[in-house]
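Spelled out from the first residue to the last, the chains are:
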Amino acid sequence: MNTPSFSPTVAIIILNWNGYEDTKICLQHLKQLDYPNYEVILVDNGSTDGSKKRLETEFPEYTLLSTGANLGYAGGNNVGIRYALRKGFAYFFLLNNDTITTKDALLHLIDFAEKTPLAGIIGPKVLQLEDRSTIDHMGGYWSSSHLNYLPFGLQKPHTYCKDPVELDYISGCSLLVKKAVIEEVGLLDERFFLLWEESDLCQRAKKAGFSLWAIGSSVIFHKGSASFSGKAHVEYYWQRNRLLWLEKHVPKASRSSKQTRLLTKERAKIYRHLVIKGLVYACCALCYRKKCTEKKRQELARLYAGFLGIKDYFLRKFYGPKIW
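Rules used in this analysis
- Within each chain, residue numbers correspond to sequence positions counted from 1 in written order.
- Predicted model: local features are reported for residues with pLDDT of at least 70 only, side-chain atom pairs are reported and counted for 80 or more only, and whole-chain, interface and lining totals are derived from all residues.
- Derived side-chain values reflect all non-hydrogen atoms in the structure, with water molecules and hydrogen atoms excluded from consideration.
- Numbering of helices and strands starts at the N terminus; helices are DSSP runs of H or I of at least 4 residues and strands are runs of E of at least 2.
- For a compact globule the rule gives 2.2 Å times the number of residues to the power 0.38, and the radius of gyration it is set against comes from C-alpha atoms.
- Buried residues are those whose accessible area, probed at 1.4 Å on protein chains only, stays under 20% of the maximum for their type, while exposed residues exceed 50% and partly exposed ones sit between those limits.
- Whether two residues are in contact is decided by their heavy atoms, any of which lying within 4.5 Å being enough.
- Only four residue types enter the charge count: Lys and Arg as positive, Asp and Glu as negative, with His and the chain ends excluded.
- Charged groups are reduced to one reference atom each: NZ for lysine, CZ for arginine, CG for aspartic acid, CD for glutamic acid.
- Among the buried residues, those of types Ala, Val, Leu, Ile, Met, Phe, Trp, Tyr and Cys that are joined through side-chain atoms within 4.5 Å form a nonpolar core.
- For helices, the axis comes from a line fit to the C-alpha atoms of the stretch in contact; other axes are also lines fit to C-alpha atoms, and the angle between any two N-to-C directions lies between 0 and 180 degrees.
- The scheme is simple: roughly parallel for angles under 35 degrees, roughly antiparallel for over 145, roughly perpendicular for 65 to 115, oblique for anything else.
- A crossing counts as left-handed when the near helix is turned anticlockwise from the far one by less than a right angle, and as right-handed when that turn is clockwise.
- Ten residue types, Ala, Val, Leu, Ile, Met, Phe, Trp, Tyr, Cys and Pro, are classed as nonpolar, four, Asp, Glu, Lys and Arg, as charged, and the remainder, Gly among them, as polar.
- Residues adjacent in sequence count toward polar contacts only when both atoms are side-chain atoms; beyond that, a polar contact is any pair of N or O atoms within 3.5 Å, and within protein one must be able to donate a hydrogen and the other to accept it.
- A pair of strands is considered paired only if DSSP assigns at least 2 bridges between the two.
- Comment: arc refers to directions from the helix axis out to C-beta atoms.

### Describing the overall build of the chain
Piece 1. Scanning the chain from N- to C-terminus turns up nine helices and twelve strands.
Piece 2. Relative to the compact-globule value of 20 Å for 324 residues, the chain shows a C-alpha radius of gyration of 21 Å, a close match.
Piece 3. Along the longest, intermediate and shortest principal axes, the C-alpha atoms of the chain span 70 × 45 × 40 Å.
Piece 4. By the burial criterion, 51% of the 324 residues in the chain qualify as buried.
Piece 5. The long-range fraction of contacts in the chain, counting pairs at least 24 apart against all pairs at least 6 apart in sequence, stands at 76%.
Piece 6. Here the chain contributes 45 positive and 32 negative side-chain charges, whose respective centroids are spaced 9 Å apart.

As structure tokens, then:
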């Protein structure tokens, strides 16, 4: 693909939180981008492992900002976005530090964005880093019957989605945001801290009249975090923040009786399983080997975290981080 004659400025914003190896690889691949008009803004989100100093030394050509504390995905990215706003960038490319970009990924995104005036948030095709023949996921469609997003492209072959597709949200691991969106709807809502913040931004953008697109010709690879999947803190933020998202975008007054029953049933299930699995764990601790007991303990921890997430929502305890 040829470089367009007009290349608007792009701020590539990457968060680092104790992730030297992943961030280093991500930054190295950004040097291969064939887009001519971008600046990399590395935001260190309160790292304590020395990665900030190492990255600052190894990549002096990139702008490094420091938050001084872990502000989460929302707060950390907002630091980078505010900086980019002051500098007058036309686009903000929010990119996870565990991603690898192909050289023309940004070029395809900008080309589509410039040709589609109402497109406010655009994402690439996200492939799994460990299995590059498989799509991670690219975003999703809102399901009012599930009160949740249904993922688009999940586990599909890499040949899936060759053409641009309009979605209801774009995956937060890699999303290009027009300056006009931030000017119209504001920054990421820092109450979320982690999870649901990108879907909240997408929903606000849609309400403001912008469209959201995934572009199959733009490709990145996403490692994903093994320490993130299935952990207690993930369950906590997912439960708490989903309720906050619903409060903002599907308030109680507009919910159907079916939706209300669904939420009540989901909460009751968490409470019921917490009690039952707590008893099972106690029995395992007395009767079974350590490996089985540890597995039950982790299951119980996730359930308890979900309970705390719901509790903290009603207590209006937002932001983070939540320490486990």
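### Quick look at unusual backbone geometry
Piece 1. With an omega dihedral of -5 degrees, the bond running from G320 to P321 counts as a cis peptide bond.
Piece 2. Within the secondary structure layout, P321 lies in the segment after helix 9 (290-314).
Piece 3. Of note in this structure, Q155 is not a glycine but carries a positive phi near 65 degrees.
Piece 4. Within the element layout of this structure, Q155 appears in the loop between strand 8 (148-152) and strand 9 (165-167).
Piece 5. You can call Q155 exposed: its relative accessible area is 53%.
Piece 6. Phi is positive for F193, close to 65 degrees, though the residue is something other than glycine.
Piece 7. On the secondary structure map, F193 appears in the loop between helix 5 (179-185) and helix 6 (197-207).
Piece 8. Judged by relative accessible area, F193 falls into the buried class, the value being 6%.

### Focus: the nonpolar core
Piece 1. Counting 63 residues, the largest nonpolar core has I13, I41, F92, L94 and I121 as its most contacted members.
Piece 2. Here the element with the most residues in this core is helix 7 (residues 232-249); it accounts for eight residues.
Piece 3. Apart from the residues within four sequence positions on either side, I13 is in contact with I41, V43, N77, G80, I81, F92, F93, L94 and L95.
Piece 4. Judged by nonpolar contacts, the second largest core, of 32 residues, contains Y20, L33, L42 and I220.

### Details of the packing of helix 1 (residues 20-30) against helix 2 (residues 51-58)
Piece 1. Here helix 1 crosses helix 2 at 20 degrees, and the two axes come no closer than 10 Å. Here helix 1 lies roughly parallel to helix 2, going by the angle between them. Here helix 1 and helix 2 pass one another in a crossing that is right-handed. Touching Y20, T23, K24 and L27 of helix 1 are S51, R54, L55 and E58, all from helix 2.
Piece 2. A class-by-class count of the residues in the contact of helix 1 with helix 2 yields three nonpolar, two polar and three charged.

### Focus on the side chain of N97
Piece 1. By secondary structure assignment, the location of N97 is in the loop between strand 4 (91-95) and strand 5 (99-101).
Piece 2. On the accessibility criterion, N97 (16% relative accessible area) is buried.
Piece 3. A polar side-chain atom of N97 sits 3.0 Å from a polar atom in the side chain of T23.
Piece 4. Leaving out residues up to four positions away in the same chain, N97 has contacts with I14, L15, N16, G19, D22, T23 and C26.

### Quick notes on the packing of helix 6 against helix 7
Piece 1. Running from N to C, helix 6 and helix 7 cross one another at 10 degrees; their axes reach a closest spacing of 11 Å. Considering the angle they form, helix 6 stands roughly parallel to helix 7. Facing helix 6, whose interface residues are S199, D200, Q203, R204 and K207, helix 7 presents W245, K248 and H249.
Piece 2. Each residue belonging to the contact of helix 6 with helix 7 can be placed in one class, and the counts come to one nonpolar, three polar and four charged.

### As for the sheet that holds strand 7 (residues 139-143)
Piece 1. A sheet is described by the order of its strands in space; here three strands give the open sequence 8-7-10, paired in antiparallel fashion. Looking at the sheet topology across the chains shown, the edges are occupied by strand 8 and strand 10 (169-170).
Piece 2. Two strands pair when backbone bridges link them, and strand 7 and strand 8 are joined in this way by five bridges, in the antiparallel orientation. Bridging across to strand 8, G140 finds its partner in P151.

### A word on helix 1
Piece 1. Along helix 1, the positions that sit buried rather than exposed are Y20, T23, C26, L27 and L30. Down the axis of helix 1, the smallest arc covering the buried residues is 135 degrees, so these residues share one side.
Piece 2. Against strand 1 (10-16), strand 2 (38-44), helix 2, strand 4 and strand 5 lie the buried residues of helix 1.

These results come straight from atomic positions and should not be treated as a statement about function.
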